[in-house]
Amino acid sequence: MLIKIGNSSIPVDPGISLPLVLRSPLFTTSESKIPGSYIFNSSFPATEALRHEFGQAHRVQRHGRATAELPYLISSGSLRYQGNCIVSQADAMQYDIAFKIDNGDLAGKLNGKTLKDLNLGADQIITSIYSTAHSETFNFPLFNFISANELRFAMFGKTDIDFTGSFNSGTEAGSIFTAPMDVSVSHTIISKCTINLGSVKIKIYKNNVVISTITMSVTGTYSNTFAYDLQAGDTIKVWMWICSTTASPFQADMVVSELNHQFFIATTIFDEAISKSQYESDFAIFPINNKSLLDNFPDDAFQLDNLSLKTLYSEYYTTLNYFLDGHFPMMLIGEKDDETIYAANLFTPFVYMRTLLCKIASEAGYSIINNPFDGEFNSAVLYNGFAENTYSGTTPSLVPVKPSFNLSDHVPEIAQNDFLKWISILTGYMPVIDNNAFTITFIDLKDKHITSTSNPEVTFPGIILPNPKVQVDPEYAGIKFELKRASNDNYLGRIKELSDKFTYIGEVDDPRDLPATGKVNDMYYVKLNNAYYVFQYNPETYTLTYYFYTEKFPLIYSEGLEPYLSITTELCPILTKRMLDESPCAPFARLWRIPRTEQPGTFEGFQDGFAAESGFQILYYKGMSLDSLGQPYPLGTCRHDDYSGNPLLFTDINAESLFAIRYKGFLQWLAYDSKPVTFKVILTAGQLRKLKFDQIYSGNGFMFLIKEIRINILCDGLSVAEMDVYTC
């Protein structure tokens, strides 16, 4: 046996015994933790080399950490383990050292690190991207122009113009650009002329009023850029004149070799993100309604005109990442109660779960195999309540403004270990760590207990000794799968448990299809609202009527009786609601389905006392969908369909859906069908090294998945092992 700690080889005593415990990450503990593997405390003489490596860890006078964490390598035959080890106890004579293996070692590397410690890139400028809105480029010669003293024509209206024709051969309409929204426009004109007689004149009109006149009378290149702040419907018109040098005709002679004219609309970086996938961008962005974002703010703090910041965003502009006419506008302008109300659009990008998982792995030195966010959970994002401050024009008092944002502001301060655990439990993909290959392989639990051509059984490579211990009494009588409710999201109060007193009648498409009367406690499911309506007394209207009772969005799924096989994840969905867009700048009667939450958040630039940590919640970004007016907008949702009813191929983020699609077969096998069995087995180092936790083995009349192996690594081999399994 060879043991190396840091740079020092450790003498191996002939009687050494390293207690090795290998635990399958496929079987979570009762606390919904993913088990780790370890070589538990082993004692080694406190040699000078070991003292040097651990920095005299036994000395009372030692400053800094009480113990050091060092890389180790243990090899015994073909068996090889490497990772990090720590001193758990030390004195002048010996060190007790714990060696972390696989899951345990990765957990050690991530220990103390949060999502905010990830390198999510440098600051990104919000408005640094420009897209071409209108561009025309033409090259044409004007040979020996002979006509009246002036010819007017539409700039770039034609690629070929007959200049020998009449004075009115051009059009007076001009080349027109119409602003599709409230927008800032950059307008560039470039011209190359050879002028012998006469001049070229260009006039620019805004809403039919001349705002610029350009005259070119000498040979050369003209280039200039103009900037306009336009409101939706404003027009910019460009006319061009060829002018003679006198009032008489036949006095113009020139060649216009190039004429180029372009409009650019300034856009935010977020406009570009909506068309990018999780492989092209680290974040997604979509409208989300949160009237409670500034609940932690004083009611009258930071006046903007005659409204406080809190009033503005809790009563008027309650949708963050507001989207209109194919664009995320920087400023929102609309009418409410006969008053014009201005507000900055508050931007909150959502980091892709794939981005976070890949960065956790890569920064720890691992690569990922079978990433759950490459398949069924593609485009999942992590919610955050940090709003960027974009008051670049109308700046509220005492609020510093950044023209950029950093994604590290948009992830919560959650331990990386917890994140890895919670996403694994949510998705049903459990991480198997290989510290020799530095890989994290995510195992799909769904059918791992079933033999098939893609998952065949393999004969157990070691010797299974007779008389195994079989647990006859079942471990579980039921199953409970739970998404822990985000307590700071008040909107989740729309989810209630259904009562046995309700009588389920059936389903209807729309609330308007509910019957006019019924019996008390009759209940219908309304497909359009994904909700249950119950016939009861309504104290607001003093009548018996059908009214909303609960969203159909179970956070807990249970079956059978206690004791339960329990699976719990801290992840929780953001509910999606079909709602009327009530923003002052909204199109008339616009209905859309967008995520909705009610929880305090953080507004960039304000003091920490107003900030609030958001819940650990998850959504999908599903690209562009259509609102009730047929206008596209970016959709964030936790549901399997959008407002238009088009099916979207992914798992709903609720307990019932996740259980049925991801967990049902595996958990029902584990709770009701399998038997816990403990074998004594004899393994060689090579056989132990090749064992796989996701492999179905057969031997002594059993088929089984391995739960745990307990064995001692000896100076000259391995002890007899004890192995806990679940029968298949």
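Above: the structure in question.
Everything in this summary refers to the structure shown in the same document. All values derive from a computational prediction rather than experimental measurement. The residue numbering used here restarts from 1 in each chain and proceeds along that chain's sequence as written. Local features in this predicted model are restricted to residues whose pLDDT is 70 or higher, and side-chain atom pairs enter the listing and the counts only when it is 80 or higher, whereas totals over whole chains, interfaces and linings include all residues. Hydrogens and waters are ignored; side-chain quantities use all the structure's heavy atoms.

### Looking at the overall build of the protein
And step 1. Under the scheme used here, helices are H or I runs from DSSP no shorter than 4 residues and strands are E runs no shorter than 2 residues, and both carry numbers assigned from the N terminus. For the protein, the count of helices and strands is 8 helices and 52 strands.
And step 2. Among the 728 residues that make up the protein, the fraction classed as buried is 52%.
And step 3. Areas reported as accessible are Shrake-Rupley estimates using a 1.4 Å probe. Residue values count occlusion only from the protein chains shown. Accessible area of the protein: about 31,900 Å², with a carbon and sulfur share of 50%. We call a residue buried when its accessible area falls under 20% of the maximum for its residue type, exposed when it is over 50%, and partly exposed in between, using a 1.4 Å probe and counting protein chains only.

### Brief notes about the pairing of strand β44 (residues 591–595)
And step 1. Counting buried positions over the 5 residues of β44 gives 4, a clear majority of the element.
And step 2. Two strands are counted as paired when DSSP detects at least two bridges linking them. The pairing of strand β43 (residues 576–580) with β44 spans 5 bridges and is antiparallel. Looking across to β44, one finds that Thr576 is bridged to Pro595.

### Quick word on the sheet that holds strand β26 (residues 367–369)
And step 1. The 3 strands lie next to each other as β26-β31-β30, forming an open sheet whose pairing is mixed. In this open sheet, the two edge strands, each paired with only one partner strand, are β26 and β30 (429–434). Across the sheet, the axes of successive neighbouring strands diverge by a mean angle of 25°, strand direction being ignored.
And step 2. In this structure, β26 lies alongside strand β31 (residues 439–444), joined through 3 bridges in parallel fashion. Residue pairing in the sheet places Ile368 in a bridge with Ile440 of β31. Axis definition: a line fitted to C-alpha atoms, over the contacting stretch in the case of helices. Angles run 0 to 180 degrees between N-to-C directions.

### Here we look at the pattern of salt bridges
And step 1. Note on definitions: salt bridges are taken to be side-chain nitrogens of Lys or Arg within 4 Å of carboxyl oxygens of Asp or Glu. All told, the structure shown has 21 salt bridges when counted by the stated rule.
And step 2. With its nearest N and O atoms 2.7 Å apart, the salt bridge here joins Glu48 to Arg51. Taken as a pair, Glu48 and Arg51 lie in helix α1 (residues 48–54) at a separation of 3 residues, close to a single helical turn.
And step 3. Connected through shared salt-bridge partners, Arg23, Lys680, Glu708, Arg710, Glu722 and Asp724 make up one network.

### Observations regarding the pairing of strand β6 (residues 79–90)
And step 1. Of the strand pairs in this sheet, strand β5 (residues 69–76) and β6 are connected by 8 bridges, and their pairing is antiparallel. Paired with Leu70 across the bridge in β6 is Cys85.
And step 2. Between β5 and β6, which pair antiparallel one after the other, the connecting turn spans 2 residues, and Gly77 there sits at a positive phi close to 65°.
And step 3. Looking at chain direction, β6 and strand β7 (residues 94–101) are connected through 5 bridges and run antiparallel.

### Some details on the sheet that holds strand β35 (residues 478–483)
And step 1. Pairing in this open sheet of 3 strands is mixed, and the strands run β40-β35-β41 from one edge to the other. Of all the strands in the sheet, the pair left with one neighbour each is β40 (556–560) and β41 (564–569). Direction aside, neighbouring strands of the sheet carry axes that sit 5° apart on average.
And step 2. Inspection of the sheet shows β35 paired to β41 by 6 bridges, in the parallel sense. For Glu482, the partnering residue across the bridge sits in β41 and is Thr568.
And step 3. Residue contacts are defined here by distance: any two heavy atoms, one from each residue, within 4.5 Å place the two residues in contact. Strands in contact with helix α6 (residues 416–427) are β35 and β41; relative to β41, the strand with the most contacts, it is inclined by about 125°.
And step 4. Sheet contacts for helix α7 (residues 655–673): β35, β40 and β41; angle to β35, the most-contacted strand, approximately 150°.

### Some words on a nonpolar patch on the surface
And step 1. A surface patch of nonpolar side chains, about 470 Å² in accessible area, is lined by Val520, Tyr537, Tyr542 and Leu544.
And step 2. Mapping Leu544 onto the fold places it in strand β39 (residues 543–551). Grouping into patches uses exposed residues only, defined as over 30% relative accessible area, and leaves out salt-bridged ones; the cut-off is 9 Å for like charges and 5 Å for nonpolar side chains (Val, Leu, Ile, Met, Phe, Trp, Tyr).

### Brief notes about a negative patch on the surface
And step 1. Among the surface-exposed residues, Asp117, Glu363, Glu413 and Glu613 lie close enough to one another that they form a single negatively charged patch.
And step 2. Assignment of secondary structure puts Glu613 in the loop between β45 (602–603) and β46 (617–626). Positive charges come from Lys and Arg alone, negative charges from Asp and Glu alone, with His and the N- and C-terminal ends not counted. Charge coordinates come from a single atom per side chain, which is NZ of Lys, CZ of Arg, CG of Asp or CD of Glu.

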